[in-house]
Structures are given as C-alpha cells and as structure tokens.
Amino acid sequence: MIETEVLFDNRSKEEISKETYEKIENAINETLKNENFTKPSQVSVSIVDGEEIKELNKYYRNIDKETDVLSFPMDEEGFEDEVVILGDVVLCIDKAKQQAVEFGHSTDREICYLTVHSILHLLGYDHMDDEEKKEMRFHEEEVMKKLNLTRD
C-alpha cells in the first residue's frame, strides 16, 4: 500500500502526542485504502484552537461560529498528478475534546473520526442532503470499524 505523506502543523496551545499523530496518519491511510485510492498523495493537517477555527469558518464559509473540522480540497482535476495533493484538514482540538466528552468516548476516537470525515470531504463526499449524508456516514463507519474505533 502506498502511504500518504502527512504534513502536520500544530498551532494550538495543546501538546499533541506522537501516538495521536500516528493515529491521525493511520486514519488517513485507512480512509484512502477503504476508498481504493492508491496514488501517492499528500495531506496537510493543521491542529488549531477554537478561536482560530472560528475565524477560518467565518472567513471561508461565512459562518461566525466554532466548528470541529474544516476541509480544503486541492486537486479537483481528477487526481492526474504524480503525487496528488489532496488538500488541507484543519482540526479544532478544543472542539474535539468537548465532543469526546459529549459523546462519551476518547479524544483520540473523536480526532480520528473527524480526520476520516475530513478526508472523505477531500475525496469529494459531502452531506448537503439526506442521501449524501447517509452515504458519507456509511463510509465513515466502515473506516472506523477497520480502525477498531466504533461507538460501542
């Protein structure tokens, strides 16, 4: 299997463990494998705090509130390049921690779920209507099972 190069940028005040970075990389690679994406690729993952993601969400989506993850696809031309730059993932560590508590699971599980969700966005999935949402949730759950991070 071709591994994806993941470029990390931690701009939050939180210290992110090596194990968490590895879990994020694993979630990315498992998502791509599940989607039969085999081209050499690159993904940028920025970890930010609530204030920064709120600013980004307002600037790029005109939504003036904090969100958990933003996805910025890059290569929308059919992935023809030798190394496909899939895009950028911006993950809010504050929101991930908050949602982990709300949903009763670990922060690592929440971070992996948000990573899978975001990579699916980079691959063209969306959840604007019920049918798209149902399809995206199905793919998310498939990957989370393979990562042994189900909701059970």
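Preceding block: the structure.
Residues numbered from 1 in each chain as written. Predicted model: local features only at pLDDT ≥ 70, side-chain atom pairs only at ≥ 80, totals over all residues. Heavy atoms only, no water.

Visitor: How should I be thinking about the sheet that holds strand β2 (residues 41-48) in this particular structure?
Guide: Within a sheet, adjacent strands bond to each other through the backbone by hydrogen bonds, running parallel or antiparallel. Strands sit in the order β1-β2-β4-β3 across an open sheet of four strands; the sheet is mixed. Looking at strand neighbours, the two that pair on one side only are β1 (5-10) and β3 (69-73), the edges of this open sheet. In this sheet, neighbouring strand axes are inclined to one another by 15 degrees on average, regardless of whether the strands run parallel or antiparallel. One ladder, built from eight bridges, connects β2 with strand β4 (residues 84-92); its direction is parallel. If you follow V43 over to β4, its bridge partner there is G87. Sheet contacts for helix α4 (residues 107-122): β2, β3 and β4; angle to β3, the most-contacted strand, approximately 25 degrees. (Pairing = 2+ DSSP bridges. Helix = DSSP H or I, 4+ residues; strand = E, 2+ residues; numbered from the N terminus. Axes fitted to C-alpha atoms, helices over the stretch in contact; angles between N-to-C directions. Contact = heavy atoms within 4.5 Å.)

Visitor: I tried to follow the layout of surface pockets on my own but got confused; where do I start?
Guide: A water-sized probe rolled over the atoms picks out the places where empty space is left. Computed from the structure, the largest pocket encloses a volume of approximately 680 Å³. Lining of the largest pocket is provided by 29 residues; of these, D68, V69, H117, H121 and H127 occupy positions nearest its centre. Mapped onto the lining of the largest pocket, the elements with two or more residues apiece are α2 (50-61), β3, α3 (93-103), α4 and α5 (130-146). No other element matches the six residues that α4 contributes to the lining of the largest pocket. Here the lining of the largest pocket is composed, by residue class, of eleven nonpolar, nine polar and nine charged. (1 Å grid on protein atoms, 1.4 Å probe; cavity = no way out; pocket = protein on both sides within 12 Å on 5 of 7 lines; lining within 4 Å. Points joined across faces, edges and corners; volume = space filled by probe spheres on them. Nonpolar A, V, L, I, M, F, W, Y, C, P; charged D, E, K, R; others polar.)

Visitor: Teacher, can you tell me more about the nonpolar core here?
Guide: For soluble globular proteins, nonpolar side chains are generally found buried alongside one another. Core analysis: the largest hydrophobic core is formed by 32 residues, its most contacted members being I28, V43, V45, I47, L86 and I119. For V43, the contacting residues outside a window of four places in its chain are T4, E5, V6, L7, I28, L86, G87, V89, I119 and L122. If you look at the next biggest cluster of nonpolar residues, it comprises six residues, including V48, I53, L56 and L70. (Core = buried A, V, L, I, M, F, W, Y, C linked by side-chain atoms within 4.5 Å. Buried < 20%, exposed > 50% of the residue type's maximum accessible area, 1.4 Å probe, protein only.)

Visitor: Can you help me understand the packing of helix α1 (residues 18-34) against α5 in this one?
Guide: Packed helices, taken two at a time, are described by the angle their axes make and the gap between the axes. Here α1 crosses α5 at 120 degrees, and the two axes come no closer than 10 Å. Regarding the angle of α1 to α5, the classification is oblique. Both α1 and α5 take part in a crossing whose hand is right-handed. Residues A27, E30, T31 and N34 of α1 form the contact with α5, whose participating residues are H139, E142, V143 and K146. Its residues assigned to classes, the contact of α1 with α5 shows two nonpolar, three polar and three charged. (Parallel < 35°, antiparallel > 145°, perpendicular 65-115°, else oblique. Left-handed = near helix turned anticlockwise from the far one by under 90°.)

Visitor: Explain unusual backbone geometry to me, please; I cannot follow it from the model alone.
Guide: Residues other than glycine seldom take positive phi values, yet N36 does so here, at roughly 55 degrees. Locating N36 in the fold gives a position in the loop between α1 and β2. You will see that N148, though not glycine, has its phi angle at about 60 degrees, which is positive. Considering the arrangement of structural elements, one finds N148 in the segment after α5. On the accessibility criterion, N148 (68% relative accessible area) is exposed.

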